[in-house]
Amino acid sequence: MTTTSRPGTAGGPGTEPDRLPRVLRALAVVERLGNALPHPFWLFWILAAILGVASAVLAATGVSVVSPADGEEVVVRNLFSGEGLAMAVETAVDNFAGFGPMGTIVAVIMGVAIAERTGFLAAAMKVSVSRVPVSWVVFAVAFAGTVSHVASAAAYIILVPLGGLAFRAVGKSPILGIVVAYTSIASGYDASPIPTPNDAIFAGITTEAARIIDPSAYVSPVSNWFFNIASSLLLATVITLVTKLVLAKRPDLDADPDANLDDVATLELTPRDRSALRLAMLAGVVALAVIAAAVLPPSSPLRGEDGSLTESPFLGGIAAVVAVMFALVGTVYGMRSGSIAKAADVPRLMAEGVRQMAPVLVLFFAIAQFLQYFTWTRIGDVIAVNSANALETTGVPIWIVFLGILALLSLVNVLVTSGSAMWAMAAPVVVPMLMLLDVPAETTQALFRIADSGSTAITPMSPYFIMALGFLQRYRKDAGIGTLASYTLPLAVCMTVAWTLLFFAWWALGIPLGPGAPVR
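The rules we used
- Residues numbered from 1 in each chain as written.
- Predicted model: local features only at pLDDT ≥ 70, side-chain atom pairs only at ≥ 80, totals over all residues.
- Heavy atoms only, no water.
- 1 Å grid on protein atoms, 1.4 Å probe; cavity = no way out; pocket = protein on both sides within 12 Å on 5 of 7 lines; lining within 4 Å.
- Points joined across faces, edges and corners; volume = space filled by probe spheres on them.
- Helix = DSSP H or I, 4+ residues; strand = E, 2+ residues; numbered from the N terminus.
- Phe/Tyr/Trp six-rings, centres within 6.5 Å; stacked < 30°, edge-to-face > 60°.
- Buried < 20%, exposed > 50% of the residue type's maximum accessible area, 1.4 Å probe, protein only.
- Core = buried A, V, L, I, M, F, W, Y, C linked by side-chain atoms within 4.5 Å.
- Expected span 1.5 Å × (residues − 1).
- Contact = heavy atoms within 4.5 Å.

Undergrad: Can you explain the layout of surface pockets? Please cite residues and give values.
TA: Empty space within the second largest pocket amounts to approximately 1000 Å³. What lines the second largest pocket is a set of 35 residues, and nearest its centre among them are Ile194, Pro195, Leu288, Met325 and Phe326. Within the residue set of the lining of the second largest pocket, elements represented by two or more residues are helix 5 (120–130), helix 6 (137–147), helix 11 (271–295), helix 12 (313–316) and helix 13 (318–337). Ranked by the residues each element gives to the lining of the second largest pocket, the list is headed by helix 11, at seven residues.

Undergrad: Any chance you could break down the packing of aromatic side chains for me, citing the residues and the numbers?
TA: Across all of its chains, the model carries 18 aromatic pairs by this definition. An angle of 70° between the planes, with centres 6.0 Å apart, marks the rings of Phe120 and Tyr333 as edge-to-face. Here Phe120 is found in helix 5, whereas its partner Tyr333 is found in helix 13, with 213 residues between them in sequence. For Phe120, a relative accessible area of 7% translates into the label buried.

Undergrad: Run through the nonpolar core, naming residues and quoting values.
TA: Formed by 126 residues in total, the largest nonpolar core has its most connected members in Tyr182, Trp423 and Val431. Sort the elements by how many residues they give to this core and helix 21 (residues 481–509) lands first, with 13 residues.

Undergrad: How would you explain helix 3 (residues 82–97) if you had to name every residue and give the values?
TA: The end-to-end C-alpha distance of helix 3, which contains 16 residues, comes to 24 Å, matching closely the 22 Å that a straight helix rising 1.5 Å per residue would cover. Those residues of helix 3 that fall on the buried side of the exposure criterion are Gly84, Met87, Ala88, Thr91, Ala92 and Asn95. Here the buried face of helix 3 lies against helix 15 (358–377).

Undergrad: Summarise unusual backbone geometry; cite the residues concerned and give the values.
TA: Non-glycine residue Arg378 carries a positive phi angle of around 70°. Relative to the elements of secondary structure, Arg378 occurs in the loop between helix 15 and helix 16 (379–394). By relative accessible area, Arg378 is classed as partly exposed at 29%. You will see that Asp438, though not glycine, has its phi angle at about 65°, which is positive. In this fold, Asp438 is placed in the loop between helix 18 (419–435) and helix 19 (441–454). According to the relative accessible area criterion, Asp438 is exposed, its value standing at 63%.

Structural measurements only, silent on function.
Written as structure tokens, this is what we have:
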């Protein structure tokens, strides 16, 4: 592999460190620090140990607060006491089995797995980026990136190389296509117009955190849906503008002369796949019509009391509805395309999807225990109440608090790229604290979405950053970490700024974030 850099290239392999921009040198430091962190599974057990020490000290000094919910005194409990040990042993299995996101995420993944593994999602993405006018190809790839989140991590594998092919097919730089596709997925990861598995995970963690203040609290997987739809459109627009006005003017967008550019044909679907996609989409439309007919009548059993839709069995079971929809279109596509040959293939594909989730389920075990310990010690109550009181006393405007939380979580996200892990650490503190300042849990979760996404496209700690670099090196052999980061940085910064402004506008106007979500 050559070690020279082209004009305008930032940080290809072999480039002297002092020639790298300061931001890219900082990313190298971030990479080293991040690599020094333990696996998130062990990180939560380390945090549990730290929590135990803190609880022992605070309990020994008699730290307590008065609960604003019922006026009762809340005293910190020692996790290392006999009572704490008994709690940890007795509740270990129940913590895991009853962990909010567990059942929801498994159900959604079983449905999504059929749509993914039959080829439906890949076919839909190919069509979405290949049949648009040249002037719309940037927006099409960017918006497809936000929609692709329904496939979770598979979105990177499917769409990033397709982005390069789509750009090449219309005479644009495939390097730019790789960058647009990757950044739209990474820095817009929590902004999807379609409910995703992440929505279920975040809602479960947010619910657990909100119950520190309100034991009856419940946050739906679609509690941020309206905000997500607007966010996906906004981010696709920002990516389009920055790409055309900034990135497209870079002098280093040409592929290597010897790069293999004869793969554009992979964007095309076979006649059988096109037929299967049309049939699957028709089945999806019919299913949506049936669901609407069942839910819209005020007397529908899927509605709540007095015909309410916001608090109804339908929204309560929305994860199951999403799973069935994906399973339906995936099954129809698979039967027509030939990827499903017999009925037994359907549960096999579902099992493969759950098997792929095994690492996440293992992480859930550690997260569930940590959250139970945190709640039991009541340290979260103390931090939340004291922090809220301090903010009220000092009169800090709520928008300053929002910006502080956003900045802090964005920095943490550079090192801890697992959204579920970061939210499990942050939610038990920030959700109760802001609830005491009359900020709904759903709003705090929407703020977290921005922090969890914005910096992801620039951090070398993300395994998908390295994957995207591999796709980039198909066209530019000398591309390195600095190269990709220099492309994604302006996109990530502009996306975060625009998304933050949208959040504040949403908050100021009092628009509901999703079905059933409180306005303020």
